[in-house]
Each structure stands twice: as structure tokens, then as C-alpha cells.
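Overview (structure and organization)
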Amino acid sequence: MIQSEPRKATTEEVVAELRRREAFVMVSHVKPDGDTLGAGLALGLALRALGKRVHYFQQDPVPRNLRFLPDADRVARELPADLPADALWVFCDMSDTARAGEFLPPLERENVLDIDHHLGNSHFGALNYVLSDECSTGTCVLRLLRPLGTKITPEIATCLLTTIMTDTGGFMHSNTTAEVLRISGELMDLGADRDEITERIFANKRLAATRLLGAALETLRLEEDGKFCWSLVDDAMLARFGADGEDTEEIIGHLRAIEGVDVAALFKAYDGDVRVSLRSSGRVNVQSAAGRLGGGGHFRASGLTFNGSAEAALAAVREALLAEGL
Ligand code: 5GP
Ligand code: MN
């Protein structure tokens, strides 16, 4: 039986628990990305190959650019009525359960496995497999698959390479270590389709997304001697181009890439709230800055939801960044 004190779990403990349970619910976070989804799908595929029963819970729909992932069509908000009470709920890529959204049913801690690579993970599971040196949650899952004794099929390899390519920004971010490149090569040898991942995730933008990008770049602002760059996307801009939230993904990278910029912020004031994405070039810790406002993430990439207007969000974010040394 797994113990109920929150603490880090070893690979052996997690593998034993995966073997012991018969039914699973893989949980991904709201506004899902390739890491949360790819990690859950990869582990789900491996567990199904062991004859286990696997379901998926995800509050938001699968984004267009991730629908190619194997088993993505099994991911939903609804769960079967006959779900066993001792199903293990496996949270992937979340520092706390709130990231799974408001429709998550109440759970007993003993039925929760937390697999993640965020430094600020709150250890909300009975078992917390939190490896903060890993580039993605998918590579945490990969560490479980070999001892679990399942074959890494081309489908599983594609899911895992997607997690890596998502969280390293296509092998561009500082978490792209030599080991990450070696693992990626192994996954390609096992049949991961790098071409398809690149095409679907990085080179398949809707025209609306590119037009929206143009508008967001045109209205960007530079502050703090050019060290802070921000832009805003609101409902009116989305409507103008026939775009939606999925079309905003690329914008922030362009803000961060401007010469001299230490931190970029994108204020996303649509669909009823103000969400903020933060990216750092490495000098300022945006995980801590987001943490000051109830969010979180990584040193160089973080986010938060702000309770208030976009103007108030800008003032609060600027203050948090200055407190972190911007
Ligand atoms: P994005 O800007 O792509 O939405 O998020 C960047 C990173 O910040 C995510 O990978 C995630 O780790 C983190 N993040 C984004 N939004 C939130 C949030 O509301 N709360 C927490 N704790 N982390 C977030
Ligand atoms: Mn991740």
C-alpha cells in the first residue's frame, strides 16, 4: 500500500504501484500542451499494453496541433460511470491539482500519482515522481517504462519525443542537454516521427495565427530600458482575425527574442479572464515572479491567471519582475 505522507517516490515504488493497480485515469492540465498530453498518452499506451484499463481526464479539448497524437481521441472531460474506486489518477506536468481545472472530482490522496518536472511541485500525490532536472514530464515517464517492462512502440516514442520537442522549444531552450539529444535520437530509432511532430506543432499555423502575431508585434511595448517587452491580445483582436487562444502560442517567443530583452510578457485578456505568459532570457527568475501572483512554472517560462483588469495585471507583473531583479 502506498503511504499517505507527501514525499518523493523512487522509480521502483512508482513501477510497483503501476503494476498493482488495474485502472488508471491520466490527467492533463488546462490549456494542455504537448508535454502534459504526450506524457499521459505515452504512459497510458504502455499501461494498456499491459492489459490495464486506462481513461483520460482533461478539462479543455485537445488543441488542434496535438490531435495527431496516438490515442488523442480518447481524451475527454467525461469519465465512465463504472470507474473503479481504486483507479489511480496520474497527474502529468502539474505543480498542483488546481492546474487540472475546476471539473476535477474530489480525490483521495492515496489514489493520486504526481509525475512532474516543475521545481515548485507541491507533492500533492501519495506518490510524487518529481524529477526537476528532466526537460519534460515525458522523460520522467520514459524512466518508468523500461523498469515497467513495456515495449516502447513507435506510437509511444512519438508521444515522448513530442514532450521533449514541446518543452525544449524544438531543441532551442537551455534545457536541451546532450542527454536530451541522445534520448531523442533513441526515440527516433524506436520509430518516433520527428518530421510529423515538427510539421504539426511548429509548421502548421493557421493564417489567423500569423495575422494575430503581426498585430501583437505591432503593438508591443518596451519598458525598463528595453529589458521588459510586453504585448496584449484581447477578445477584439481575436475576433478581428477569426483567431482563438490556440493561435497565440507563438507570440511570446518573438517578444523574448528581441535584442536586449530580459523578460517578455504576453497578457491574454480573452475568454473571461486575464492569463499571463512570462519568458526569461535567463537573468530573471520568472517562476518566482509568477509565484508572487499565484502562478508558477520554470525559471525561464512561467504563467499565471490574474484576478482583475489587464492594466492591473501589467502593473502587478511589472512590480513582481522588478522585485525579482529586472
Ligand atoms: P504558458 O505561458 O505556456 O501558458 O506557460 C508556461 C509555463 O508556466 C507552463 O509550462 C507551466 O509550467 C507554467 N504555468 C502557466 N500557467 C500557470 C499557472 O496558472 N499556474 C502555475 N502554477 N503554473 C503555470
Ligand atoms: Mn512540462
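The structure reproduced in this document is the subject of the present report. Position labels on residues start from 1 in each chain and follow its written sequence. The lettering of chains begins at A and the numbering of ligands begins at 1, in the order of writing. This being a predicted model, a pLDDT of at least 70 is required before a residue's local features are given, and a value of 80 or more before pairs of side-chain atoms are given or counted; all residues contribute to the totals for chains, interfaces and linings. Excluding hydrogens and water, the side-chain figures rest on all heavy atoms present in the structure.

1. Brief notes about the nonpolar core
Most often, soluble globular proteins have nonpolar side chains that are buried together. Stated formally: To qualify as a nonpolar core, a set must consist of buried Ala, Val, Leu, Ile, Met, Phe, Trp, Tyr and Cys residues joined through side-chain atoms within 4.5 Å. Think of it in three bands: residues with accessible area under 20% of the maximum for their type are buried, residues over 50% are exposed, and the middle band is partly exposed, with areas taken using a 1.4 Å probe on protein chains only. Secondary structure elements follow DSSP: runs of H or I of four or more residues count as helices, runs of E of two or more count as strands, with numbering from the N terminus. Contacts: residue pairs with any heavy atoms within 4.5 Å of one another.
Formed by 50 residues in total, the largest nonpolar core has its most connected members in Leu18, Leu43, Val90, Ile115 and Leu145. Element by element, the count of residues in this core is highest for helix α2 (residues 34-49), at 8 residues. Setting aside chain neighbours within four positions, we find Leu43 in contact with Leu18, Met26, Val90, Ile115, Val141, Leu145 and Leu148. Within the second largest apolar cluster, 23 residues are counted, among which are Ala265, Val274, Ala289 and Phe306.

2. Quick notes on the coordination of the manganese ion (ligand 2)
Convention followed: Note that water is not among the atoms used; donors are N, O and S atoms within 2.8 Å of the metal (3.2 Å for Na, K and Ca), so sites may look incomplete.
Looking at the manganese ion (ligand 2), the protein donor atoms are Asp35 (OD), Asp93 (OD), His117 (NE2) and Asp167 (OD), and they sit 2.1 to 2.3 Å from it. All donors of the manganese ion (ligand 2) belong to a single chain; written as a sequence motif, their spacing is D-x57-D-x23-H-x49-D. One end of the pair, Asp35, is in helix α2; the other, Asp93, is in the loop between β3 (88-92) and β4 (112-116), with 58 residues separating them in the sequence. We classify Asp35 as buried; its relative accessible area is 0%.

3. Points about the packing of helix α4 (residues 154-167) against helix α6 (residues 194-202)
For clarity, the threshold we go by: Each axis is a line fitted through C-alpha atoms, and for a helix only the stretch in contact is used; angles between axes span 0 to 180 degrees, taken between their N-to-C directions. For classification purposes, an angle smaller than 35 degrees is called roughly parallel, one larger than 145 roughly antiparallel, one from 65 to 115 roughly perpendicular, and anything else oblique. Here a crossing is called left-handed whenever its near helix is offset anticlockwise from the far helix by less than a right angle, and right-handed whenever the offset is clockwise. Only Asp, Glu, Lys and Arg are considered charged in this grouping, and only Ala, Val, Leu, Ile, Met, Phe, Trp, Tyr, Cys and Pro are considered nonpolar; every other residue, Gly among them, is considered polar.
Interaxial distance between α4 and α6 falls to 10 Å at its minimum, and their mutual angle equals 50 degrees. One element, α4, and the other, α6, form an angle in the oblique class. For the crossing formed where α4 meets α6, the hand is right-handed. For the pair α4 and α6, the contacting residues are Thr158, Leu161, Thr162, Met165 and Thr166 in the first and Arg194, Ile197, Thr198, Ile201 and Phe202 in the second. Taken together, the residues of the contact of α4 with α6 break down into 5 nonpolar, 4 polar and 1 charged.

4. Topic: the sheet that holds strand β2 (residues 53-57)
Convention followed: Strands are labelled as partners when DSSP assigns at least two bridges between them.
If you walk across this open sheet you meet the 5 strands as β2-β1-β3-β4-β5, and the pairing is parallel. With one partner strand each, in any of the chains shown, β2 and β5 (127-130) form the two edges of the open sheet. In this sheet, neighbouring strand axes are inclined to one another by 20 degrees on average, regardless of whether the strands run parallel or antiparallel. Where β4 meets β5, 4 bridges bridge the pair, whose relative direction is parallel. Its bridge partner being in β5, Asp114 is matched across the sheet by Asn128. Those strands touched by helix α1 (residues 11-20) are β1 (23-27), β3, β4 and β5, and its axis lies near 125 degrees from that of β5. Running over the sheet, α2 touches β1, β2, β3 and β4 and is turned about 165 degrees from β2.

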